[in-house]
Amino acid sequence: MDKPNKRILSGVQPSGDLHLGNYLGAIKNFVSLQQEYECFFCVVDLHAITVWQDPNVLANKTREVTAAFIASGIDPKKNNIFVQSQVPQHAQLAWIFNCVARMGWLNRMTQFKDKAGKNSENVSVGLFSYPTLMAADILIYLATHVPVGDDQKQHLELTRDIAQKFNNDFNTDLFPIPEPLIFGEATRVMSLRDGSKKMSKSDPSDYSRIMLTDSAENIIQKIKKAKTDAEPLPENKNNLDGRPEAENLISIFASLQNSSFEKVISEYAGKDFATFKKDLADLSVSKLEPITTEMNRLMNDISYIDSILNTGKEKAISVAEPVLQKTKQIIGFLSK
Ligand code: TYM
């Protein structure tokens, strides 16, 4: 069993169409990391079913996330792209981690509180224990680094706690303590309708988010309608206090342009939002349209997508299985 020092794992749920937050906060960063790291990119369908998923569309959504990875620039020959439910070692390690993690740790997870809301008696047990599966996704590959958007930070802290507790309890150094990679100008993309809310798949308003499946026309409409305020763009970042919508659009611009927040502000200082939005719409279309077109092309070639996932599965299992066996041996389970 090799102990890598630069291995990435990250996951994306196939629970709906991907949006600009998923792209700028995660997938775009995966693309930039693939040269430097050995990468495992996982479509996390086991996580998706923690809330209801229509069985008639789930398989297609799983392929669509795969298509989005490839269309965004992840090289499927160089990286391992695979589906979580096809690698049973994830769920097996997750059970073990359910017995390592403490109730108090999971009770502190803000994402669970947000998702369960007032309905916490009626949500699935899976939604509660979701972060232990996420820890298993990462640690079954002994991954050292995990690129994610800002909203996953707390789950990664839990992953580190689980790795540490397992290592301490069993007096081993099996699991690395993985580092989050949260970087870029758009680590937390906000709703286009309300700058205090995260852009998310579950927002009831379609106008709150730009999808990777949106047409150019849709993108332009959504940016045009995006909430702003009456002020022009400020001279510097400090003048953005209390203007979350403005800050969000500037971050999106900077990230799409591979530029910096400061640079965008200096370019647009004093200009009105109508001008800025027009440029943002042009920039968004020029960056996203090629991805959407390529996703559509790939989705017409399902056998190609499935062949990538099949190769990814084989490789993933070949790395995950020895780690699972070692874990079981450490715990004292009867070996095969
Ligand atoms: P998911 O599917 O909700 O989101 C996938 C990735 O997109 C990022 N993201 C955002 N980034 C910036 N702004 C936003 N508004 C925004 N919304 C989503 C997420 O941070 C994530 O990186 N639990 C994870 C999936 C997962 C995972 C893992 C991630 C399962 N196992 C192991 C890393 C490692 C999730 O639900 O992501």
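Since we're looking at a predicted model, the values are computed, not measured. (Residues numbered from 1 in each chain as written. Predicted model: local features only at pLDDT ≥ 70, side-chain atom pairs only at ≥ 80, totals over all residues. Heavy atoms only, no water.)

> For the site of the ligand, give the residues involved together with the corresponding values.
Within the structure, the ligand sits among 27 residues, and Gln13, Tyr130, Asp137, Asp151 and Val189 are positioned closest to it. Within the side chain of Asn22, an N or O atom sits 3.2 Å from an oxygen atom of the ligand. Gln152 is positioned with one of its side-chain polar atoms (N or O) 3.1 Å from a nitrogen atom of the ligand. Alone, the ligand offers 700 Å² of accessible surface; in the complex the protein occludes 96% of this. In this structure, the ligand is accommodated by the largest pocket. Of all the secondary structure elements, the ones that give two or more residues to the shell around the ligand are strand E1 (7-12), helix H1 (20-33) and helix H7 (125-139). (Near = heavy atom within 4 Å. Polar contact = N/O pair within 3.5 Å; in protein donor to acceptor, adjacent residues only side chain to side chain. Areas by Shrake-Rupley, 256 points an atom, 1.4 Å probe, with all protein chains shown as cover. 1 Å grid on protein atoms, 1.4 Å probe; cavity = no way out; pocket = protein on both sides within 12 Å on 5 of 7 lines; lining within 4 Å. Sits in = over half its atoms within 2 Å of the grid points. Helix = DSSP H or I, 4+ residues; strand = E, 2+ residues; numbered from the N terminus.)

> So what's going on with the packing of aromatic side chains? Which residues, and what values?
According to the stated counting rule, one finds 15 aromatic pairs in the structure shown. When the ring of Phe30 is compared with that of Phe41, the centres are 4.6 Å apart and the planes differ by 15 degrees; the resulting orientation is stacked. Taken as a pair, Phe30 in helix H1 and Phe41 in strand E2 (residues 38-43) lie far apart in primary sequence, 11 residues in all. We classify Phe41 as buried; its relative accessible area is 0%. Ring centres of Phe41 and Phe69 lie 6.1 Å apart, and the angle between their planes is 55 degrees; on these two criteria the pair is classed as tilted. Residue Phe41 is located in strand E2, and its partner Phe69 is located in helix H3 (residues 55-72); the two are separated by 28 residues in the primary sequence. (Phe/Tyr/Trp six-rings, centres within 6.5 Å; stacked < 30°, edge-to-face > 60°. Buried < 20%, exposed > 50% of the residue type's maximum accessible area, 1.4 Å probe, protein only.)

> Lay out the packing of helix H10 (residues 244-256) against helix H11 (residues 261-268) in plain terms, naming residues and giving numbers.
Running from N to C, H10 and H11 point in directions that differ by 110 degrees, and their axes come no closer than 8 Å. In this view, H10 runs roughly perpendicular relative to H11, as classed from their interaxial angle. Along the contact surface, H10 presents Glu247, Ile250, Ser251, Phe253 and Ala254, while H11 presents Phe261, Val264, Ile265 and Tyr268. Among the residues making up the contact of H10 with H11, the classes are represented as 7 nonpolar, 1 polar and 1 charged. (Axes fitted to C-alpha atoms, helices over the stretch in contact; angles between N-to-C directions. Parallel < 35°, antiparallel > 145°, perpendicular 65-115°, else oblique. Contact = heavy atoms within 4.5 Å. Nonpolar A, V, L, I, M, F, W, Y, C, P; charged D, E, K, R; others polar.)

> An account of the side chain of Gln34 is needed here, citing residue identities and associated values.
One can find Gln34 in the loop between H1 and E2. Dropping the residues within four chain positions of it, Gln34 is found in contact with Cys39, Gly73, Ile74, Asp75, Lys78 and Asn79.

> Provide a residue-level description of the layout of surface pockets, including the pertinent values.
Taken as a whole, the largest pocket spans an internal volume of roughly 1300 Å³. Lining the largest pocket are 49 residues; nearest its centre among them are Gln111, Lys115, Asp151, Gln152 and Lys198. Residue assignment for the lining of the largest pocket shows that the elements contributing at least two residues are E1, H1, helix H6 (110-116), H7, strand E4 (145-147) and helix H8 (153-169). The residue inventory of the lining of the largest pocket, partitioned by class, reads 17 nonpolar, 21 polar and 11 charged. Considering only enclosed or pocket space, the second largest pocket measures out at about 180 Å³ in volume. Forming the walls of the second largest pocket are 13 residues, and the residues nearest its centre are Arg188, Glu247, Asn248, Ser251 and Phe261. (Points joined across faces, edges and corners; volume = space filled by probe spheres on them.)

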